[in-house]
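# Observations on the three-dimensional arrangement
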Amino acid sequence: MIKLSVIIPVYNVEDYLAQCIDSVLNQIYLGGLEIILVDDGSTDNSPYICDCYAAKDRRIKVIHKINEGTSVARNAGIDAATGDYIVFLDADDFWLETSIHDLMKIADETRADVIIGNAIKYYDADDKYGPYPNNLKYNPDHKTTRDKLLYILNPNNRFQWHIWKCIFRADLIKNNRIYFKEGLLFQDVEWLPRVLSKAKKIEIVDRFFVCYRVRPNSNMTDAYKTIKRHKDLLKVIYHLSDYFSKIDMDKKLKHSFYTNFAELYMYVFLRQALLQDKDSKSLLKRFSYYIYFYQGKYSKQIKFLYKLLGYGVLCKIINVADKTALFIRRIRGWKYA
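The structure presented is a predicted model; accordingly, all values stated were derived computationally and were not measured.

What counts and how
- Residues numbered from 1 in each chain as written.
- Predicted model: local features only at pLDDT ≥ 70, side-chain atom pairs only at ≥ 80, totals over all residues.
- Heavy atoms only, no water.
- Helix = DSSP H or I, 4+ residues; strand = E, 2+ residues; numbered from the N terminus.
- Rg over C-alpha atoms; globule rule 2.2 N^0.38 Å.
- Buried < 20%, exposed > 50% of the residue type's maximum accessible area, 1.4 Å probe, protein only.
- Axes fitted to C-alpha atoms, helices over the stretch in contact; angles between N-to-C directions.
- Parallel < 35°, antiparallel > 145°, perpendicular 65-115°, else oblique.
- Left-handed = near helix turned anticlockwise from the far one by under 90°.
- Contact = heavy atoms within 4.5 Å.
- Nonpolar A, V, L, I, M, F, W, Y, C, P; charged D, E, K, R; others polar.
- Core = buried A, V, L, I, M, F, W, Y, C linked by side-chain atoms within 4.5 Å.
- Expected span 1.5 Å × (residues − 1).
- Polar contact = N/O pair within 3.5 Å; in protein donor to acceptor, adjacent residues only side chain to side chain.
- Salt bridge = Lys/Arg side-chain N within 4 Å of Asp/Glu carboxyl O.

## Concerning the overall build of the protein
If you tally the helices and strands in the protein, you get 11 helices and 9 strands. On C-alpha atoms alone, the protein measures out to a radius of gyration of 21 Å, which is about the 20 Å that the 2.2 N^0.38 rule sets for 337 residues. Seen through its C-alpha atoms, the protein measures out along the principal axes to roughly 65 × 45 × 35 Å. Here the protein holds 337 residues, and 52% of them are scored as buried.

## Observations concerning the packing of helix α5 (residues 145–153) against helix α9 (residues 251–269)
Running from N to C, α5 and α9 cross one another at 20 degrees; their axes reach a closest spacing of 9 Å. Taken together, the axes of α5 and α9 lie roughly parallel to each other. When the axes of α5 and α9 are compared, the crossing they make is left-handed. On the side of α5, the interface is formed by Arg146, Leu149, Leu150 and Leu153, while α9 contributes Lys252, Leu253, Ser256, Phe257 and Asn260. For the contact of α5 with α9, the class distribution of residues is 5 nonpolar, 2 polar and 2 charged.

## Things to note about unusual backbone geometry
Unlike most non-glycine residues, Trp161 shows phi in positive territory, near 65 degrees. Along the chain, Trp161 turns up in the loop between α5 and β8 (166–169). For Trp161, a relative accessible area of 5% corresponds to the buried category. Phi is positive for Phe186, close to 60 degrees, though the residue is something other than glycine. Residue placement: Phe186 occurs in the loop between α6 (170–175) and α7 (187–198).

## Remarks on the nonpolar core
Side chains that are nonpolar tend, in soluble globular proteins, to be buried together. Formed by 68 residues in total, the largest nonpolar core has its most connected members in Val114, Phe168, Trp191, Leu192, Tyr265 and Phe269. Apart from residues no more than four positions distant in its own chain, Phe168 is found in contact with Asp84, Tyr85, Ile86, Phe88, Asp113, Val114, Ile163, Ile173, Trp191, Leu192 and Val195. Residues Cys20, Ile21, Leu33 and Ile115 belong to the second largest nonpolar core, which totals 37 residues.

## Notes on α9
Over its 19 residues, α9 runs 26 Å from end to end, which matches the ideal 27 Å to within 8%, given 1.5 Å per residue. With 14 of 19 residues buried, α9 lies mostly within the body of the structure. Its side-chain oxygen 3.0 Å from the backbone nitrogen of Lys252, Asp250 forms the N-cap of α9.

## With respect to the pattern of salt bridges
One pass over the full model with this rule turns up 20 salt bridges. The salt bridge involving Arg74 is made with Asp90; its shortest N-O contact spans 3.4 Å. Highlighted residues: Arg74 in helix α3 (residues 70–80) and Asp90 in the loop between β4 (85–88) and β5 (94–95), separated in sequence by 16 residues. Judged by relative accessible area, which is 3%, Arg74 ranks as buried. Salt-bridge contacts for Asp102 lead to Arg207; the nearest nitrogen and oxygen are separated by 3.6 Å. Placement of the pair is Asp102 in helix α4 (residues 99–110) and Arg207 in strand β9 (residues 202–214), with a sequence separation of 105 residues. Relative accessible area serves as the criterion here: at 40%, Arg207 is assigned to the partly exposed category. Each member of the salt-bridge network shares a partner with another, and the members are Lys3, Asp84 and Asp108.

## As for the environment of Ile328
Structurally, the position occupied by Ile328 is in helix α11 (residues 299–332). On the accessibility criterion, Ile328 (37% relative accessible area) is partly exposed. Sequence separation of Ile328 and Pro155 is 173 residues, and the distance between their C-alpha atoms is 30 Å.

Shown next as structure tokens:
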């Protein structure tokens, strides 16, 4: 019987794929395990590496498909998964030795819908490890799912919605048909809140189990990707706002979700000079009520100006400041993110 399905989307990662797969195969875990490698139309040697591993180990399945993006690849993995639990792993990251045993032991003991672990960073260029920011801490006083969600959603904890730090009960995802939105950057940010809203039991495990690889060329710094990132964040806010407006939920919990979405909104709002298309500007104005939920830096000043001057004037002030910052950064040769 398969206990855990490991879904790994693969796209042009020939230099890292073997380490990723080996880190899963080398786990000391006695439960049934399957690895689903979803080759998303790779043009390097990644498909060959996938097939070689599958030929040597019957626990490995390979899905070859045309390039449609990470969301579609993950959805294909969800449909192919036969395990009781599902975990996602990016093909350039890897697991720490024996780590999955600890998390799955807790999964078996608690029958939780979602188990959230922690990560560390691996700096590829320097071959060094470092801390990953904003890992969650286990607290025995957080006894109920509501307690844990309020802790996760506390803006001071700056939870980052990374799905690869979590293990999910497969029935929770499949029975509720929680799939990834296609074509979006930040698909994790749109997907995980919907999963947590359906979870009946959540466990937080104060253990490191995944290494997030920091590659020298992995940051999105070119102008097109930077603009798309901001436009897609607005689309994420749109989808989440629509979803949460339609579900019944404890009022304090829903308010905490909205407070988190306000962080996303303000990230874009304060960089609105990058948004030139009418649709993005329309969404920015439509969701301006998130300013009231915002609790981050300068929140009191921003709310005061919003109430005093209104949305339009505040936007003009932000635009002037934003364009000035852009101009200075370009003179100095800095990247804008």
